There are 2 protein chains.
Amino acid sequence: MSETSARVWTAALIVIGDEILSGRTQDANIAYLAKWLNVQGIRLKAARVVPDEMGAIAEAVNALKPPAHDYLFTTGGIGPTHDDITVDAIAAALGVPVVMHPEAEAALRAYYGDRITDARLRMARVPQGADLIPNPVSGAPGIRLGEIFIMAGVPKITQGMLAGLEGKLRGGRPVLSRSVGAWIGESAVAELLRDTERAFEDVQIGSYPFWREGRVGANFVVRSPDPRALAACAEALMTGLRAAGVEPVDGEI
Amino acid sequence: MSETSARVWTAALIVIGDEILSGRTQDANIAYLAKWLNVQGIRLKAARVVPDEMGAIAEAVNALKPPAHDYLFTTGGIGPTHDDITVDAIAAALGVPVVMHPEAEAALRAYYGDRITDARLRMARVPQGADLIPNPVSGAPGIRLGEIFIMAGVPKITQGMLAGLEGKLRGGRPVLSRSVGAWIGESAVAELLRDTERAFEDVQIGSYPFWREGRVGANFVVRSPDPRALAACAEALMTGLRAAGVEPVDGEI
């Protein structure tokens, strides 16, 4: 039995932020990452929520980083303010210095233009040796250091960063996707999307709304490593959209 | 400086359940417990999500139990099925045997009557030396072992158990409450409740719907350790209810 076929690849997540532990913000990243990892063929085995404190972050990183799990994700604490200490805490835990990443700095300067500040440039600081994870939503990139992924805390941004990692993790199954477009607002079909996703194993439905030619629409991207589940889920979604009174397009609009 | 006035009392939470780590269920207990603890004057400092595995549960219990934190809460894994192993894992971690609790057994027999089964009687098993936490929603009680609180995973049940612990934790501030009743369905004012709660620090609003004399109504219980925040929040809630077209009652209906 070869290692690659039998072994279960695992991941851990550290959710960083006082706002989650105070109850002010309801975490959405644990559930989203869990489903995203399932689709990649990787299993989330542990999640911890820690406060914005160097010691607590570093302790969790040391407990959960490879080889404890194949992958470690963190969300939160990579913004421009004084309490955004994730990069420093992870660098300290790993014993590497923090450096400015030239590409991140260029991306931030391009995004903010005249509005660039020292605080915003903080978001170009990375543990030495890190690569960037593109951020399709705002200017500040995520950070990849080997098998450690340092992501934003805002769910929409986290999800955008994960979309860029789709199918790229070693050990994961190849992910198939299929798009269904419709001229309908995503909020009108939020329950349909949720129920359709729940009805199938290892399937995730992403919703990408747009506004074009004065009309709202959305592309729904069904993802799964299983071609049969993918086809069945896409069919169920199209049937559901028709029942909701809109004729879907089989493919992206 | 006396210990009781200066010291920050802390708590940790272990969320137990494969369904959270698979993304199938969105956790709601971290945020609810965090807010509930704030109202008691206790700070949630750590939360972990662990799978339904003896080793993972026991490791988290040993890391987070007193004296690491003043209080440890767990949610999940105390139901009747084979994967409900929280009691066994905690007992193993603490090195105490699992025993049948006579009161819990009596409560389960009273609740289920003829429908009692061996599986349901599993829910009367507790680590030796434990007391029960009343469950106002269904038959199976929670379990208190010193400063460790073993709670249900279903949010409505967890919340009912927490209501019974209100103001009873050593180190917590005394909690004040005030009821506002209204003949309106809680779903019609869900956003009002949420926004009103958010507008005040250290205030929590519980919603207790009822159906009486053929009409729906609800009592909203505002809780806070701060009498001024309590009064201001209750006033804001009554103003909001009037704006929603219903005349509130200052007190319980």
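Residues numbered from 1 in each chain as written. Chains lettered and ligands numbered in written order. Predicted model: local features only at pLDDT ≥ 70, side-chain atom pairs only at ≥ 80, totals over all residues.

A. Representation of the overall build of chain A within the structure. For chain A, the count of helices and strands is ten helices and twelve strands. Rg of the C-alpha trace for chain A: 19 Å, near the compact-globule value of 18 Å for 253 residues, within the 12% margin. Along the first, second and third principal axes, the C-alpha atoms of chain A reach 55 × 55 × 35 Å. At a minimum sequence separation of 6, the contacts of chain A that also span at least 24 residues come to 67%. (Helix = DSSP H or I, 4+ residues; strand = E, 2+ residues; numbered from the N terminus. Rg over C-alpha atoms; globule rule 2.2 N^0.38 Å. Contact = placed C-beta atoms within 7 Å.)

B. Just the interface of chain A and chain B, in detail. With 19 residues of chain A in contact, the opposing surface of chain B contributes 19 residues. For the side of chain A that touches chain B, the secondary structure elements donating two or more residues are helix 2 (18-21), helix 3 (29-40) and strand 2 (43-50) of chain A. Sort the elements by how many residues they give to the side of chain A that touches chain B and strand 2 of chain A lands first, with seven residues. Within the side of chain A that touches chain B, the residues separate by chemical class into eleven nonpolar, four polar and four charged. When strand 2 of chain A meets strand 2 (residues 43-50) of chain B, the two strands line up antiparallel, connected through three bridges. Residue A47 of chain A lies in a different strand from strand 2 of chain B, and its bridge partner there is V49 of chain B. (Nonpolar A, V, L, I, M, F, W, Y, C, P; charged D, E, K, R; others polar. Pairing = 2+ DSSP bridges.)

C. Representation of the relation of the copies chain A and chain B. With an RMSD of 0.1 Å, the operation that places chain A on chain B is a rotation of 180° combined with a shift of 0.2 Å along the axis. On this basis, the relationship between the two copies can be described by a two-fold rotation axis. Looking at the rotation axis and the C-alpha trace of chain A, the residue lying nearest is R48 of chain A, at 2.1 Å. The share of interface residues of chain A whose copies in chain B are also at the interface is 100%, consistent with both copies meeting through the same surface. (Least-squares fit on C-alpha atoms with pLDDT ≥ 70 in both.)

D. Just the sheet that holds strand 8 (residues 148-151) of chain A, in detail. Across the sheet, twelve strands lie side by side as 6(A)-7(A)-8(A)-3(A)-1(A)-2(A)-2(B)-1(B)-3(B)-8(B)-7(B)-6(B); this open sheet has mixed pairing. The two strands at the open ends of the sheet, each matched to only one other strand, are strand 6 (131-133) of chain A together with strand 6 (131-133) of chain B. Direction aside, the axes of adjacent strands within the sheet are offset by 20° on average. When strand 1 (residues 10-16) of chain A meets strand 2 of chain A, the two strands line up parallel, connected through seven bridges. Looking across to strand 2 of chain A, one finds that I16 of chain A is bridged to V50 of chain A. Packed onto the sheet, helix 8 (residues 155-165) of chain B meets strand 3 (71-75), strand 6, strand 7 (142-145) and strand 8 (148-151) of chain B and runs at close to 115° relative to strand 6 of chain B. (Axes fitted to C-alpha atoms, helices over the stretch in contact; angles between N-to-C directions.)

E. Quick look at the domain arrangement of chain A. All names here are of chain A. Domain assignment breaks chain A into domain 1 (3-165) and domain 2 (176-250). Domain 1 and domain 2 are separated by 29 Å when their C-alpha centres are compared. Contacts between domain 1 and domain 2 engage five residues on the former and five residues on the latter. Considering only residue class, the side of domain 1 that touches domain 2 consists of two nonpolar, two polar and one charged. (Domains from an automatic or database assignment.)

F. Region of interest: helix 4 (residues 54-64) of chain B. All names here are of chain B. If you check which residues of helix 4 are buried, you get I57, A60, V61 and L64. The arc that holds the buried residues of helix 4, viewed along the axis, is 100°, so those residues lie on one side. Facing away from the buried side of helix 4, by more than 90 degrees, are the exposed residues G55 and N62. The inward-facing, buried residues of helix 4 abut strand 1 (10-16), strand 2, strand 3 and helix 5 (86-94). (Buried ≥ 20, exposed ≤ 12 C-beta atoms within 10 Å, placed from the backbone. Arc of directions from axis to C-beta.)

G. Region of interest: the pairing of strand 1 of chain B. Residues and elements named next belong to chain B. In terms of residue burial, strand 1 counts as a mostly covered element, since six of its seven residues are buried. Bridge count for strand 1 against strand 3 is five bridges, and the pairing is parallel. Each residue of the ladder has a partner; that of V15, found in strand 3, is T75.

H. Geometry of the nonpolar core. Of all hydrophobic cores here, the largest spans 102 residues; its most connected members are L13, I30 and A47 of chain A together with L13, I30 and A47 of chain B. Contact partners of A47 of chain B, with chain neighbours within four places excluded, come to L21, R48 and V49 of chain A together with A12, L13, V15 and I30 of chain B. (Core = buried A, V, L, I, M, F, W, Y, C linked by C-beta atoms within 7 Å.)

I. Highlighting the pairing of strand 7 (residues 142-145) of chain A. All names here are of chain A. For strand 6 and strand 7, the ladder comprises three bridges, and the chain directions are antiparallel. Its bridge partner being in strand 7, I133 is matched across the sheet by G142. The pairing of strand 7 with strand 8 spans three bridges and is classified as antiparallel. Its bridge partner lying in strand 8, L145 is registered against I148. Taking the residues between adjacent antiparallel strands as the criterion, strand 7 and strand 8 are bridged by two residues, where G146 takes a positive phi near 60°.

J. Representation of unusual backbone geometry within the structure. All names here are of chain A. Here the bond from P66 into P67 is cis, since omega is 10°, no more than 30 degrees from zero. Here P67 shows up in the loop between helix 4 (54-64) and strand 3 (71-75). Positive phi values are uncommon outside glycine, yet D202 reaches one of about 55°.

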